[in-house]
Amino acid sequence: MIPMDRYKSARAEAEHTAALLRAALTRAGIPEEAAARVRALVTGKGRAYVEVGALPLDSAVKLLNALPFALPQGGTDDGPTLPAEAFG
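Since we're looking at a predicted model, the values are computed, not measured.

1. A short note on the nonpolar core
Ala14, Ala18, Leu25, Ile30, Ala34, Ala35, Val38 and Ala40 together form the largest nonpolar core, which totals eight residues. Listed by contribution, the elements that provide at least two residues to this core are α1 (4–27) and α2 (32–35). The leading source of residues in this core is α1, at three residues. Apart from the residues within four sequence positions on either side, Ala34 is in contact with Leu55, Pro56 and Ser59.

Given below as structure tokens:
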């Protein structure tokens, strides 16, 4: 069992990332009910995950088409963004 503070920290990070992904999916035209399948998970050892779940085929195609445009460019989008350090 992991300490509660470590679990809460991992959970908060996974929840934040899942929320960003759900927002990006919605901006890509994926229906809210499909985007809602994205959820945060934390293992018993404290490792954070984001589960995407099964997407209907049309939503998966929209996701594939949106991947090159997943991050807003030029600061013109009001949607959530990932910090630069998330990319290495």
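2. Some thoughts on α1
Relative to the 34 Å expected for 24 residues at 1.5 Å per residue, α1 spans 34 Å between its end C-alpha atoms, a close match to the ideal helical length. Those residues of α1 not exposed but buried are Ala10, Ala14, Ala18, Leu20 and Leu25. At its buried positions, α1 is contacted by α2, β1 (39–42), β2 (48–51) and α3 (57–66). Taken from the residues just after α1, Gly29 is the one with a positive phi, measuring 95°.

Rules behind the numbers
Per-chain numbering applies: the sequence of each chain, read as written, is numbered from 1 onward. A pLDDT threshold of at least 70 governs which residues receive local features in this predicted model, and a stricter bar of 80 or more applies before side-chain atom pairs are shown or counted, although totals over entire chains, interfaces and linings include all residues. Side-chain descriptors were evaluated using all non-hydrogen atoms of the structure, hydrogens and water having been removed beforehand. Only buried residues count toward a nonpolar core. Its members are Ala, Val, Leu, Ile, Met, Phe, Trp, Tyr and Cys residues joined through side-chain atoms within 4.5 Å. Only protein chains enter the accessibility calculation, which uses a 1.4 Å probe; a residue is then buried when its area is under 20% of its type maximum, exposed when over 50%, and partly exposed in between. In DSSP terms, a helix is any run of H or I states spanning at least four residues, a strand is any run of E spanning at least two, and both are numbered starting from the N terminus. It only takes one pair of heavy atoms within 4.5 Å for two residues to be counted as in contact. In a helix, the anticipated span is given by 1.5 Å times the number of residues less one.

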